[in-house]
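A look at the structure
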Amino acid sequence: MTEANTINLSISGMSCASCVGRVEQGLGKTDGVAQASVNLATETATVVLDDPAALPRAVDALNALGYPARTSRITVNIASMTCASCVGRLEKALLAVPGVLEASVNLAAETATVVFVTGATTSEELRKASGDAGYAADIAKADSQATRSERKADEAKALFARVIFAAILTVPVFVLEMGAHTIPGFHDLIVRTIGMQASWLIQFALATVVLFGPGWGFFAKGIPALLRRAPDMNSLVALGTGAAWTYSVVATFLPQLLPEGVRAVYFEAAAVIVVLILLGRWLEARAKGRTGAAIQALLGLQVKTARVVRDGQTQEVEIDALEIGDLVLVRPGERIPVDGAVVEGSSNVDESMITGEPLAVAKGIDDPVTGGTVNGTGSLTFAATRVGADTTLAQIIRMVEEAQGAKLPIQGLVDRVTMWFVPAVLVLALVTVIVWLLIGPDPALTFALVAGVSVLIIACPCAMGLATPTSIMVGTGRAAEMGVLFRKGDALQHLNDVTVVAVDKTGTVTAGRPTLTDLITANGFDRAETLSLIAAVEAQSEHPIAEAIVRSAAAEGVAYPDATDFRSITGFGVAATVKGRNVLIGADRFMAQQDINITELQDAERRLAEKGQTALFAAIDGALAAVIAVADPVKASSASVVAALHDRGLKVAMITGDKQSTAESIAREVGIDQVIAGVLPDGKVAALETLRAGGRKVAFVGDGINDAPALAHADVGIAIGTGTDVAIESADVVLMSGDLRGVVNAAEVSQATMRNIHQNLLWAFGYNVALIPVAAGVLYPAFGLLLSPVFAAGAMALSSVSVLTNALRLRRIEAKMPEVAAREQSSAQLMTQPAE
């Protein structure tokens, strides 16, 4: 067994010897694993594989057992990638490194994201594998986007210098050769003055400098790739220009080797091809630099220094030196450096750069502030709660970068095609030359050379490789500016396929801050005493309804004692002992479970539920005591969001634990199509399966801890950004505004991005399918048309630039439901509502 097939896995979750046995047994049953030895002390497993491809299966087996293997993710900056075929070859090389589970190469971002088993390989080994494949690499730093932008700017600057130098040398070559063919009397002028041989020698000198000066990169990268049997775009250009130059050199210096009728030079073609392709790459480099504009803008929000109060003194420190708990002073108009909670002062803070909301938010004592936002006219002192990589801004940048580096399912087909594209073009060029030599008219050799070079030059795998990643980069970047974060890039494609949007009620459709509206007591129970006992129990709970009851008790001046033996029965209710009395609070199913007769107040509960209020029962010492009604007001924007989703052809469903009548009342108010009510927290996944009937794709929108399983299970999980970290981590898309309007904006970005990708792919594939045969000469028999290599080079350069330019249009996507419009609509509704 080779050493390469032995992998050390770092395992989490093992706590005893029985864990070791389960892990060893589970790995031993995995197909492709020959041997497994687990060490509890080091929390590692040494696995011997029959086949390196079995590693992902071993990792999956550990995840299924509940002892996941620790993995690491690294981003590598890649140099020298020029076309889509490079992507497939580099991914193959990285996946061949022992321990690598995933490798995703992004041509537009010029990066590779690698997921590997922690400890199984190193960044240096990944760099070496990339270098051995012909692509120099370095590990991306934290400010990789800024570094990349600077690199692209330097690259564009260097390319521009090469273009100018090459163009200056190429103009005389072009004039000498093409002028003799197009300008009357120019040929005779050359013959009478310097002579044709001298003209050819001048062209040779200038074209040689162009090819092996500014154009040397095509040969330096293309020929080695060809020798490795991994030809790329550089190989095609090197072969095409090299063939034209070599033929011309033979015609100039060894004319006797060629029939007299085909003695001609194509120095101008070789030189102009280099100029045009360099021009295209310059434009491409400039465009690529702009695709990351959103990340650059986010990076620009990061403050370099902060003003900190320490030992009663105010001092300015580097942002990296901030610690949790530091008191940070922010003056009017300054940018807030890190996340925190206000301890002194008040102000309005512009959070639009984070949430996409244009209106400033009032901040006072204990209110949270977010790093990167701009303070208004007041001074604030806040205690830092998140610093460094844990700040909201840092997490946003990380999420957007990961989404931009993602590979959509649609890219799989493109990668498979482009892997074979360049070899296929080489074969097609060879066939073209042979066919022209066999059946072409005289001078057949000249026609064969022109057609073969044109086929090599006009083929453009670059456009195919850039079609998807550039659109993803620009689309996800624009979404981030609108307050919509695609945590997973493939959500862009999946969201476009969704036909049903399922929403949680509390905190999503409703405001999530309910208020107590009614407390109806049963015979023999005093209202104040009952409310006191109920509030005592609910004070132990963190549920929004519990908070509403406690707030109402405080507002009414009702004091409540401490409760003991508090317990929560998920999906049913809560119970505790207060002053020696047993108090139960919950839904009708909880009362039924506890054998408590609710007949006396059942009609009252039904009437309250029909009004859209959440009704709960309370029982004291085994007897029904009261029915409690809590109303959670519907968000002002919910109805307009549902209408906007309907306009997009989407159905909207609501999943809630409320009674059917309560849920249907809210659904009627906002226009929701389908209601699934009475759902326990662990039943939301089953509810999603119900909505999937008939093959429908479902997106789920939620914000609570109990929404996490549903968010993970849905085809697309959309978390409200103001929700819990658990919910956000389970989601594919995060709405930073904390509002349903973001769902409409996310759908708009998804649709626009996928439409843009399809346009790019249609252009890229259509271009190659249509023009490669033209370059080969299919139009010559009927129309006498044979494409010049010069025009082929221009078309090829234009193809990539067209794809990039089309992708950049996504920067102009407009938010379909901006905050201002929503607030104006809310104000209008309030003005037209009758007074009560």
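Residues numbered from 1 in each chain as written. Predicted model: local features only at pLDDT ≥ 70, side-chain atom pairs only at ≥ 80, totals over all residues. Heavy atoms only, no water.

Of regular secondary structure, the chain possesses 31 helices and 29 strands. With 836 residues in all, the chain has 53% of them scored as buried. Contacts in the chain between residues far apart in sequence, at least 24 positions, make up 69% of those at least 6 positions apart. By element, 57% of the accessible surface of the chain is carried by carbon and sulfur atoms, the whole surface being about 35,700 Å². (Helix = DSSP H or I, 4+ residues; strand = E, 2+ residues; numbered from the N terminus. Buried < 20%, exposed > 50% of the residue type's maximum accessible area, 1.4 Å probe, protein only. Contact = heavy atoms within 4.5 Å. Areas by Shrake-Rupley, 256 points an atom, 1.4 Å probe, with all protein chains shown as cover.)

In contact at an axis separation of 8 Å, helix 9 (residues 233–253) and helix 15 (residues 444–458) are set at 160° when each is read in the N-to-C sense. On the basis of the axis angle, helix 9 is roughly antiparallel to helix 15. Along this stretch, helix 9 crosses helix 15, giving a crossing that reads as left-handed. Contact residues: Met233, Leu236, Val237, Leu239, Gly240, Thr241, Ala243, Ala244 and Tyr247 in helix 9; Leu445, Thr446, Leu449, Val453, Leu456 and Ile457 in helix 15. When grouped by side-chain class, the residues that make up the contact of helix 9 with helix 15 number 12 nonpolar, 3 polar and no charged. (Axes fitted to C-alpha atoms, helices over the stretch in contact; angles between N-to-C directions. Parallel < 35°, antiparallel > 145°, perpendicular 65-115°, else oblique. Left-handed = near helix turned anticlockwise from the far one by under 90°. Nonpolar A, V, L, I, M, F, W, Y, C, P; charged D, E, K, R; others polar.)

Here the focus is the pairing of strand 24 (residues 623–631). A large share of strand 24 lies buried, amounting to 8 of its 9 residues. The sheet contact formed by strand 19 (residues 515–521) and strand 24 spans 6 bridges and is antiparallel. By the bridge assignment, Thr515 is partnered in strand 24 with Ala631. As judged from the 7 bridges shared by strand 23 (residues 614–620) and strand 24, these two strands associate in the antiparallel manner. Within strand 24, the residue paired with Ala615 across the bridge is Ala629. Counting the residues between successive antiparallel strands, the hairpin from strand 23 to strand 24 contains 2 residues, one of them, Asp621, with a positive phi of roughly 50°. (Pairing = 2+ DSSP bridges.)

What follows deals with the pattern of salt bridges. The full count for this structure, using the stated rule, is 14 salt bridges. A salt bridge links Glu529 to Arg581, with the nearest nitrogen and oxygen atoms 3.0 Å apart. Of the two residues, Glu529 is situated in helix 19 (residues 527–538) and Arg581 in strand 22 (residues 581–586); the sequence distance between them amounts to 52 residues. A residue is classified by how much of its surface remains accessible, and Arg581, at 26% relative accessible area, is partly exposed. (Salt bridge = Lys/Arg side-chain N within 4 Å of Asp/Glu carboxyl O.)

Here we come to the packing of aromatic side chains. All chains considered together, the criterion is met by 13 aromatic pairs. Judged by centre distance (6.2 Å) and plane angle (50°), the ring pair of Phe212 and Trp216 falls under tilted. Taking relative accessible area as the criterion, Phe212 reaches 34% and is therefore assigned partly exposed. Look at Trp216 and you get partly exposed, because its relative accessible area is 44%. Geometrically, the ring pair formed by Phe212 and Phe219 is tilted, given 5.2 Å between the ring centres and 35° between the ring planes. Members of the aromatic cluster, each reached through a chain of ring pairs, are Phe204, Phe212, Trp216, Phe219, Trp245, Phe253 and Phe267. (Phe/Tyr/Trp six-rings, centres within 6.5 Å; stacked < 30°, edge-to-face > 60°.)

Let us now look at the sheet that holds strand 26 (residues 674–676). The strand order across the open sheet built from 7 strands is 17-29-28-27-18-25-26, with neighbouring strands paired in mixed fashion. Of all strands in the sheet, those with a lone pairing partner are strand 17 (484–486) and strand 26, marking the two edges. Strand-to-strand twist of the sheet, defined as the mean angle between neighbouring strand axes without regard to direction, takes the value 20°. Both strand 28 (residues 716–720) and strand 29 (residues 733–735) contribute to a ladder of 3 bridges, which runs parallel. What sits directly across from Ala719, in strand 29, is Val734. Sheet strands touched by helix 25 (residues 684–691): strand 18 (500–504), strand 25 (651–655), strand 26 and strand 27 (698–702). Its angle to strand 25, the strand with the most contacts, is close to 155°.

Taken together, Arg755, Arg809, Arg812 and Lys816 make up a surface patch of like positive charges. Mapping Arg755 onto the fold places it in helix 28 (residues 741–776). (Patch = residues over 30% accessible without salt bridge, like charges linked within 9 Å, V, L, I, M, F, W, Y side chains within 5 Å. Lys, Arg positive; Asp, Glu negative; His and termini not counted. Charge placed at Lys NZ, Arg CZ, Asp CG, Glu CD.)

Turning our attention to the nonpolar core. Across soluble globular proteins, nonpolar side chains show a tendency to be buried alongside one another. Formed by 141 residues in total, the largest nonpolar core has its most connected members in Phe486, Ile672, Ile718 and Val733. With residues near it in sequence (within four places) discarded, Val733 still touches Val484, Leu485, Phe486, Arg487, Ala491, Val716, Gly717, Ile718, Ala719 and Ala746. Counting 26 residues, the second largest nonpolar core, distinct from the first, contains Leu531, Val583, Ile620 and Ile628. (Core = buried A, V, L, I, M, F, W, Y, C linked by side-chain atoms within 4.5 Å.)

With that out of the way, let us pick up helix 15. Between the first and last C-alpha of helix 15 there are 21 Å, a value that for 15 residues agrees with the 21 Å anticipated at 1.5 Å per step. In terms of burial, helix 15 is largely enclosed, as 14 of its 15 residues are buried. (Expected span 1.5 Å × (residues − 1).)

Here we take up the UniProt feature "transmembrane region" (unreviewed entry) in the chain. Taking the UniProt record as the reference, the feature "transmembrane region" (unreviewed entry) is found at residues 159–180, 200–223, 235–258, 264–283, 417–439, 445–468, 761–780 and 786–808. Within residues 786–808, the helical portion is 87% and the strand portion 0%, while the C-alpha atoms at the span's ends are 34 Å from each other. (UniProt positions renumbered as here; feature names shortened; annotations may be inferred.)

Next up on the list: the pairing of strand 12 (residues 347–350). A one-sided burial pattern is seen for strand 12, the buried positions being Ser347 and Val349 and the unburied ones Asn348 and Asp350. In this structure, strand 12 lies alongside strand 13 (residues 361–363), joined through 3 bridges in antiparallel fashion. Among the inter-strand pairings, Val349 is bridged to a residue of strand 13, identified as Val361. The sheet contact formed by strand 12 and strand 15 (residues 374–375) spans 2 bridges and is antiparallel. Across the sheet, residue Asp350 finds its bridge partner in strand 15, namely Val374.

Summarising the model, the chain shows a mean pLDDT of 82, and 89% of its residues fall at 70 or more. Low pLDDT, under 50, characterises residues 142–146; the predicted model gives this stretch 7 contacts beyond four residues in sequence or across chains. A low-confidence stretch, residues 819–836 (pLDDT under 50), is modelled with 12 contacts involving residues beyond four sequence positions or located in other chains. (pLDDT = per-residue confidence, 0-100.)

In this section: the sheet that holds strand 14 (residues 368–369). The strand order 9-8-10-16-11-14 describes an open sheet built from 6 strands, whose pairing is antiparallel. Edge positions in the open sheet fall to strand 9 (313–318) and strand 14, since each of these has one partner strand only. Of the pairings in the sheet, the one linking strand 11 (residues 339–345) to strand 16 (residues 380–386) comprises 6 bridges and is antiparallel in character. What sits directly across from Val342, in strand 16, is Phe382.

Attention shifts here to the environment of Thr391. By the element assignment, Thr391 lies in the loop between strand 16 and helix 13 (392–404). Exposure remark for Thr391: the relative accessible area of 7% places this residue in the buried category. Expressed as a C-alpha distance, the spacing of Thr391 and Gly340, which sit 51 residues apart in the sequence, is 9.2 Å. If we ignore the near neighbours within four places in the chain, the residues touching Thr391 are Val338, Asp339 and Arg386. There is a polar contact of 3.3 Å between the side chain of Thr391 and the backbone oxygen of Gly388. (Polar contact = N/O pair within 3.5 Å; in protein donor to acceptor, adjacent residues only side chain to side chain.)

Once that is clear, we can look at the side chain of Thr753. Looking at the element boundaries, Thr753 is found in helix 28. Apart from the residues lying within four places of it in its own chain, the contact partners of Thr753 are Ser471, Ile472, Gly475, Leu492 and Leu810.

Together, Val427, Leu430, Val431, Ile434, Val435, Leu438 and Ile439 make up an exposed nonpolar region whose accessible area comes to about 690 Å². With respect to the helices, strands and loops of the structure, Val431 is situated in helix 14 (residues 409–439). The class of Val431 is partly exposed, set by a relative accessible area of 41%.

On to helix 4 (residues 123–132). All buried positions along helix 4 are accounted for by Leu126, Ala129 and Ser130. Buried residues in helix 4, looked at end-on, bunch into an arc of 100°, giving them a common side. Opposite the buried face of helix 4, at more than 90 degrees from it, the exposed residues are Lys128 and Asp132. Just beyond helix 4, the residue with positive phi is Gly134, at close to 100°. (Arc of directions from axis to C-beta.)

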